[in-house]
Amino acid sequence: RTAATPRVAAPGGILERFDATLPFTLTDDQRTVGADIDQDLARTWPMHRLIQGEVGSGKTLVAIRAMLTVAESGGQSALIAPTEVLAAQHLRSIVKFLGPDLAAELRPVILTGSQSTDERRRALLAAVSGSSRLVVGTHALLGDRVDFAELGLVVVDEQHRFGVEQREALRTKGTTPPHVLVLTATPIPRTVAMTVFGDLDVSTITGMPSGRAGVETFTVPLAEHPGWEPRIWSRMAEELAKGRQAFVVCPAIDDAHTEDDGEPEPAEAEADAPKRAPATVLATAERMRTMPALEGRSIAVLHGRMTADEKDRVMTSFAAGDLDVVVATTVIEVGVDVPNAAMMAVLDADRFGVSQLHQLRGRVGRGQWAGVCLLVTSAELETTSRERVDAVAASDDGFELARIDLELRREGDVLGERQSGGRSSLNLLRVVEHADLIVDAREEAERVLEPDPELEGSPALRDALARRLDESDAAFLGKN
């Protein structure tokens, strides 16, 4: 019922010119998902599609191709990312992919909350005048003063970091409802995707681009082997001696601050687990600078309390090879792409969730050299915290890890907070155990709704739904 402007790539147009300059061929999955998006964009109603794919599977490139299709007809695209580090990384990737000619033609710009007044004014003018057809930003894009000449596509990166109201606030900036493309590198089992993201068509990218060496992951169990700790740093020194670079990830900035945009310690951590102070970025970096194994190495910190300029300087220096090691919080969890980074040590790995650990290790092994990721933990054997860490070390399949994560956490954490008491919608159903039943139910619901979206021919079913879902329930279902 909602009208949208169809967007179709023309022969010899921007998209075709872009594809001709790519120094590699698209993977089969990228081509398949790209065809789905092309079909959606050509329709007269808005696209609502979720692309989920492994870390490093090439989702950004698929999104760029969609943005170029929209740009061909004069439309603009807005890409919103959860952090300034990721937004800046996206802008760099887009400019690099486009090349000088297309970049000059499409004028990609960035809008963030910490820009100077002049920078912000220029970005706002480029968006409202239509001179920029690709606008990248953080939550700053949602501001009242941000307007577009012709917003044709909204791309939401790392969907789980944004509420439905935020997604809607950006969508309503189009005079005609724009198409919406949602990206996530947090793998979601198909059954969860069908229930949590019921309003979205779901596409999955599983194949990886060629030329990536991948990552080997190991648990470093300090509970059983406290003497192994020095080996972490000598192993890192070996990688640095080969000319490679490394990340060290900590769960807190200092003794007083956890990461601003990180997740809290997983709720399922055992109540009887020893309460240790978490490893911190500032103390760890200071300690590393005094280690004989790392003598003379350039070590910098990166965390959410730094200004955007400070963070950008660190990442630019690291990408240029001027820094050997970056000690960071989860601000590097998504989007950071430094092919020369070959090693990562995650300290207190048991304080992170399965998907976070999987995301984090995706920052290494992105180039021609195999990466190594050490998950350092003091969690005891046979605790849930330790099971999470060992599960990530044992598998690099994000979708299998998502299934394991569901089994360890149960559905409550995945489907939302209102899973207690008599109104729980999962009294009997279990997402992993009853996967086939959920798929069948979803397909049956689609069969019923397609010819009769208001259920006028099924009044008993319509009334049952009205009784089951009051306004707050319906709103809650939409917010995931």
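Keep in mind that what you see is a predicted model, and the values were worked out from it rather than measured.

### Describing the overall build of the protein
Each helix and strand counted, the protein has 17 helices and 15 strands in total. Each of the 480 residues in the protein was classed as buried or not, and the buried ones make up 50%. Look at the contacts in the protein between residues 6 or more apart in sequence, and 79% of them connect residues 24 or more apart. Split by element, the accessible area of the protein, about 22100 Å² in all, is 52% carbon and sulfur.

### Quick word on a nonpolar patch on the surface
There is a patch of nonpolar side chains on the surface, built from L461, L465 and L469 and spanning about 230 Å² of accessible area. Within the element layout of this structure, L465 appears in helix α16 (residues 459–468). Owing to a relative accessible area of 42%, L465 belongs among the partly exposed residues under this scheme.

### Digging into unusual backbone geometry
Located in the positive-phi region is D348, a residue other than glycine, with phi close to 55 degrees. The phi angle at L455 is positive, at roughly 55 degrees, despite the residue not being glycine. Along the chain, the position of L455 falls in the loop between α15 (435–449) and α16.

### Some details on the nonpolar core
M236 and M288 are the most contacted members of the largest nonpolar core, which totals 57 residues. With residues near it in sequence (within four places) discarded, M236 still touches A246, F247, V248, M288, V325, M343 and A345. Of all hydrophobic cores here, the second largest spans 38 residues; its members include A71, L79, A81 and L181.

### Side note on the sheet that holds strand β1 (residues 48–53)
With parallel pairing, the seven strands of this open sheet are ordered in space as β3-β4-β2-β5-β6-β1-β7. Looking at which strands have only one partner, the edges of the open sheet turn out to be β3 (109–111) and β7 (201–205). For this sheet, the mean inter-axis angle between neighbouring strands, taken without regard to orientation, is 20 degrees. Relative to β7, β1 is paired through five bridges, and the arrangement is parallel. Of the residues in β7, the one forming a bridge with R49 is D201. Taken strand by strand, helix α4 (residues 84–106) contacts β2 (76–80), β3, β4 (134–137) and β5 (151–157), and its axis lies near 165 degrees from that of β4.

### A closer look at the sheet that holds strand β13 (residues 325–328)
Read from one edge to the other, the open sheet built from six strands follows the order β8-β15-β14-β9-β13-β12, with strand pairing classed as parallel. Edge positions in the open sheet fall to β8 (215–221) and β12 (299–302), since each of these has one partner strand only. Going from strand to strand, the sheet's axes swing by 20 degrees on average, the running direction of each strand aside. For strand β9 (residues 245–249) and strand β14 (residues 341–346), the ladder comprises five bridges, and the chain directions are parallel. Across the sheet, residue F247 finds its bridge partner in β14, namely M344. In this fold helix α8 (residues 229–241) packs onto β8, β9, β13, β14 and β15 (371–377), with an angle of close to 170 degrees to the strand it touches most, β14.

Cut-offs used in this document
- Residues numbered from 1 in each chain as written.
- Predicted model: local features only at pLDDT ≥ 70, side-chain atom pairs only at ≥ 80, totals over all residues.
- Heavy atoms only, no water.
- Helix = DSSP H or I, 4+ residues; strand = E, 2+ residues; numbered from the N terminus.
- Buried < 20%, exposed > 50% of the residue type's maximum accessible area, 1.4 Å probe, protein only.
- Contact = heavy atoms within 4.5 Å.
- Areas by Shrake-Rupley, 256 points an atom, 1.4 Å probe, with all protein chains shown as cover.
- Patch = residues over 30% accessible without salt bridge, like charges linked within 9 Å, V, L, I, M, F, W, Y side chains within 5 Å.
- Salt bridge = Lys/Arg side-chain N within 4 Å of Asp/Glu carboxyl O.
- Core = buried A, V, L, I, M, F, W, Y, C linked by side-chain atoms within 4.5 Å.
- Pairing = 2+ DSSP bridges.
- Axes fitted to C-alpha atoms, helices over the stretch in contact; angles between N-to-C directions.

Honestly, that's just the spatial picture; any functional story needs more than this.
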